Amino acid sequence: MASAVPYALQDKTLAAFAATAISAPGVALASLGLLWLFGVRLSEKLVAALTLATYVISAGSLAYVAYAVYSIPGHDAVLRLGPWFRVGEYEFDLAQRLDSVSLPLLGMTAILTGLIAAFSQTYMHREPGYYRFFLLLHAFGFGAMTAFSAAHLDLLIVGWELVGLSSVLLIAFFYQRRGPVECGVRVFGIYRTADIGLLAGVFLIHHWGDSTSLLSIGQHALTPHQATAVGLLLLLAAMGKAAQAPFSGWLPRAMEGPTPSSAIFYGAISVHMGAYLLLRVRPLLAESYFALAAVTFIGLFTAVHGLLAGRAASDTKTSLAYAAVSQLGLIFAEIGVGWTNLALLHIVGHSMIRTLQFLRAPSMLHEHHHMRAAAGGQVDLAGTSFESILPLAVRHHLYWYALDRGHLDRFLQAAFVRPVVALSQFLLALDSRLLEPVDGRRTRLASVNPKAEEADA
Amino acid sequence: MEPLFTIDALNAFPAVLYTLLFGAALSMLPRQDLRSPGAALRYLMVLAGTLIAYCSTNTAVIWAGWTLSTIPLMTAGQVHKLSRATIAAGCISLGAGLFLLSTGDHLEWAFALIMFAVIQRKGLFPFQYWVADSFENGDIVQNGLMCNAHLGVIVISRIALPLLPGLSHSSLAIVSNIALATAVISAVMAVAEKRPRRILAYVVTSQASSILAGLEGVNVEAITGSLMHWMVVPMATTGLLAVLRMLEVRNGGSLPLQGYLGLGGRFPRLATFFLISGVALVGLPGTAGFISEDLLMHGALQAHPWIGFAIPVATALNAITIYRLFTRLFLGARVDVLPTVPDARLRERLPLTAIVLGLVIFGVFPQLAVNLRARAAEQLVRAESRGDAASAR
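Rules used throughout
Residues numbered from 1 in each chain as written. Chains lettered and ligands numbered in written order. Predicted model: local features only at pLDDT ≥ 70, side-chain atom pairs only at ≥ 80, totals over all residues. Heavy atoms only, no water. Helix = DSSP H or I, 4+ residues; strand = E, 2+ residues; numbered from the N terminus. Buried < 20%, exposed > 50% of the residue type's maximum accessible area, 1.4 Å probe, protein only. Contact = heavy atoms within 4.5 Å. Areas by Shrake-Rupley, 256 points an atom, 1.4 Å probe, with all protein chains shown as cover. Core = buried A, V, L, I, M, F, W, Y, C linked by side-chain atoms within 4.5 Å. Axes fitted to C-alpha atoms, helices over the stretch in contact; angles between N-to-C directions. Parallel < 35°, antiparallel > 145°, perpendicular 65-115°, else oblique. Left-handed = near helix turned anticlockwise from the far one by under 90°. Nonpolar A, V, L, I, M, F, W, Y, C, P; charged D, E, K, R; others polar. Phe/Tyr/Trp six-rings, centres within 6.5 Å; stacked < 30°, edge-to-face > 60°. Buried area = accessible area lost by both parts, 1.4 Å probe. Salt bridge = Lys/Arg side-chain N within 4 Å of Asp/Glu carboxyl O. Polar contact = N/O pair within 3.5 Å; in protein donor to acceptor, adjacent residues only side chain to side chain. Pairing = 2+ DSSP bridges. Patch = residues over 30% accessible without salt bridge, like charges linked within 9 Å, V, L, I, M, F, W, Y side chains within 5 Å.

Moving on, we come to the overall build of chain A. Assigned secondary structure in chain A consists of 17 helices and three strands. Each of the three principal axes of chain A carries a C-alpha extent, and together these read 75 × 60 × 60 Å. Across the 457 residues that make up chain A, the buried fraction comes to 55%. In chain A, 76% of the contacts between residues at least 6 apart in sequence involve partners at least 24 apart. When the accessible area of chain A is evaluated, it comes to approximately 19500 Å², of which 65% is carbon and sulfur surface.

For the rest of this paragraph, the subject is the nonpolar core. Formed by 288 residues in total, the largest nonpolar core has its most connected members in A:Trp250 and B:Phe330. If you tally residues by element for this core, the top one is helix H11 (residues 220–250) of chain B, at 18 residues. Beyond its immediate stretch of four places on either side in the chain, B:Phe330 contacts A:Tyr175, B:Val243, B:Leu247, B:Gly262, B:Leu263, B:Gly264, B:Gly265, B:Phe267, B:Leu270, B:Ala271 and B:Phe274.

For the rest of this paragraph, the subject is the packing of helix H1 (residues 12–37) of chain A against helix H2 (residues 44–70) of chain A. Residues and elements named next belong to chain A. Running from N to C, H1 and H2 point in directions that differ by 160°, and their axes come no closer than 8 Å. In terms of orientation, H1 and H2 fall into the roughly antiparallel class. Where H1 crosses over H2, the two elements pack in a sense that is left-handed. Packed against H1, whose contacting residues are Thr 13, Leu 14, Phe 17, Ala 18, Thr 20, Ala 21, Ala 24, Pro 25, Ala 28 and Leu 32, the element H2 presents Leu 50, Thr 54, Tyr 55, Ile 57, Ser 58, Ser 61, Leu 62, Tyr 64, Val 65 and Ala 68 at the interface. The residue inventory of the contact of H1 with H2, partitioned by class, reads 15 nonpolar, five polar and no charged.

Residue and element names in this part refer to chain B. For the structure shown, the criterion picks out 28 aromatic pairs over all chains. Between Phe 13 and Phe 362 the ring centres are 6.4 Å apart and the planes differ by 80°, which places this aromatic pair in the edge-to-face class. With Phe 13 in helix H1 (residues 12–28) and Phe 362 in helix H15 (residues 346–364), the pair connects residues that are 349 residues apart, well separated along the chain. Neither Phe 13 nor Phe 362 differs from the other in exposure class; each is buried. Pairing Phe 326 with Phe 330 gives two aromatic rings, centres 5.4 Å apart and planes at 35°, and the pair type is tilted. With Phe 326 and Phe 330 both in helix H14 (residues 307–330) and four residues apart, this pair spans about one turn of that helix. Taken individually, Phe 326 and Phe 330 each receive the classification buried, so the pair is uniform in this respect.

So, on to the interface of chain A and chain B. Taken residue by residue, the interface counts 59 residues in chain A and 72 residues in chain B. Of all residues in chain A, the largest losses of buried area upon contact with chain B belong to A:Leu37, A:Phe203 and A:Leu435, amounting jointly to 11% of the total for that side. Joining chain A to chain B, the criterion identifies zero salt bridges. Counting across the interface, chain A meets chain B through 14 residue pairs in polar contact (both at pLDDT 80 or more). Among the elements of the structure, H1, strand E2 (76–87), strand E3 (90–99), helix H5 (153–171), helix H6 (178–209), helix H16 (408–435) and helix H17 (450–456) of chain A are those that each provide at least two residues to the side of chain A that touches chain B. Partitioned by chemical class, the residues of the side of chain A that touches chain B number 33 nonpolar, eleven polar and 15 charged.

Before going further, it helps to examine the pattern of salt bridges. Residues and elements named next belong to chain A. Taken as a whole and judged by the stated rule, the model has 23 salt bridges over all chains. When the shortest N-O distance is used, the salt bridge between Arg 97 and Asp 76 registers 2.8 Å. Of this pair, Arg 97 sits in strand E3 while Asp 76 sits in strand E2; the two residues are 21 residues apart in sequence, bridging distant segments of the chain. Each member of the pair, Arg 97 together with Asp 76, is buried. With its nearest N and O atoms 2.6 Å apart, the salt bridge here joins Arg 410 to Asp 404. Linked through salt bridges whose partners overlap, the residues forming this network are Asp 76, Arg 97, Asp 99 and Arg 280.

Residue and element names in this part refer to chain A. Pairing geometry for strand E1 (residues 7–8) and E2, over two bridges, is parallel. Its bridge partner lying in E2, Tyr 7 is registered against Ala 77. Judged from the nine bridges that link them, E2 and E3 form a sheet pairing that is antiparallel. Each bridged residue has a counterpart across the sheet, and for Val 87 the counterpart in E3 is Tyr 90. A loop of two residues connects E2 with E3, the two strands running antiparallel in sequence, and Gly 88 in this loop sits at a positive phi of about 55°.

Where nonpolar side chains cluster on the molecular surface, the patch consists of A:Leu34, A:Leu35, A:Phe38 and A:Val40 and spans about 320 Å² of accessible area. Among the secondary structure elements, A:Leu34 is positioned in helix H1.

With mixed pairing, the three strands of this open sheet are ordered in space as E1-E2-E3 (chain A). Across the chains shown, the open sheet's two edge strands, defined by having one partner strand only, are E1 and E3 of chain A.

Given below as structure tokens:
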């Protein structure tokens, strides 16, 4: 997919354009954030115009960069903007990898985020959190651009985490309702748990391979066991971000946010970051058959799981979420078997179509209600149910599986949440007992209701 | 004769920062917290004791500063006796260690006593209970500042490394491992905790304990990360604790977390300050916390490969806990309690803005902060190298 040695871009104009493309959303975020902090109120129109201008500048700059990069043999270039910080022998390089993997995704991010901003100008009109929505959209845009252009894994973490945080804050956008807030906490829990894989994987690569550069990934002298360990940790991170089984349950919950953010985060950009990570570290995964088999298996299992769970979903956004889960599973499987070009094409195509579907969902429902009313309350269902060829008993089992979404949430609760909460309660009880006998005063025990604790966690 | 006080690369910036944080805290604190006659005096004792310990090279003066800064907590009647006894034991232990050191005999015992005092004061496992107790039952901002003085770093840098070079390196490895274990244990403890003050106590203990883990690192990256974390944790903690205290006062004294309090609708700026300080404390990107943890982990991985597991797990749990606390305090249906109370008054907004901007600016332009700490780190690396050479002899 890319040449072995990327071309080092020296052109200062090109560097300026690349830096502008990536940092434009960051500058917009900082400006709007500071204005709000100091009490300056901007009109809705001005906020939308600034946002549109930001993504037009970003997309325009990227078009110039893409033209320059595609004129280079191998279409693979690295742009070093200098060290972000440096101490001793350690240097955190602000290096961007601009190649046939990152450029399509960067372009897609700039264009789709701009389109979402234009759509949201009307959709979010007079919404109390209008300003907050655009702030978080810029945080997301900046995070995604940073992650997709990162030439090393440390920089990718920066963008990855920003996307995660802005995504969670947008899920809880309607913060006065309990549902979105609880879903946000749940999604954040899964993101952070999966991020343990990313952080630990990156630090192990650094420890064993002495570099986290994506330019030399797969060229480290890792033993097969080390490659397997790192590969599985990075797979964990990708699974969390891409809602792969057993973490699929968060994606329908994330639909509690405003429709435009659902479209951009969970239809297009955010959910594909996991697949992007695997595409980037594919040479490392190739050093371990076990890791590749795990990627393929997880992908195929999730594809089937998403298909089944989506069939039993009772609302449009959940159906779309599981359709996205299923497609992401196929993308994982494609990466696992080595069809990386197909996987990239699949990511771009899937992002576009899913964004359109999410944005159309509310008006489609509206039209459906009109059609239903016009037809006198009776609309014939279209399509064919292929599961009807299965025996009834099998269908019942599948329906039971699909209705509870594969019991995966319960599995996560039993396997991870309950043990951590139980350990926490045990340690808290030790602390409390330690403080009790000295002066006979009972300290207020933290945990009173284990079920409530569990629900919280 | 050697001067009693000195200003160098190690203490200059922490001393200035600490003083500014005190000023910020005194400006932000609800007036009712400073109304009692001794309140300001107690704050000044903590500040004076900390600055004395920071700026002195004399072991007896460092001990005096250490002890002075703990007097307000030791005399706080509402804090549990065991917690106060633990702090007192730390002072005695440090004093005994320094006395043995001055006699030149039983250096192993001297070192063990000094390290014991450091572990106690830092609230490392199993002494984390006093931090939670002092946060819950005492003056949370004052005790937060006392905990975040991180005098253990000063004791290790000024006393253990130069005066006991042979013992320091191997023994610091033990302290580092205890610190890493504490990072995970405290993070786990915060998961099921229900009371906001105690939640913050466990999260702060967890995040702060990795400061010691980096000091033992064999390279300048780890030590710079550690010293930078020494700046980030007090800044972020002061922001969090001050906002929590403001909310308590605005909400009539307590913050029950059984449901969602929905205070964000009423106090959006306080919510923003809380969120950014929390994000910085748990080391998310865009803040100085990310830089310090990145340096710490990259540098210390060589000496402690399991830091690559302990810190990701601890920060993941702490991030979930902080976000969950944020949702409980600020999100949910709007509650219009005390409708006349403003979001953040000017005297509150300015110091909080300064803290948050500091955390973000050092996170976006990290070389500024790194330069402030790298020289001190180089000095410590040289001191550790001398220690290794002495051990080899």
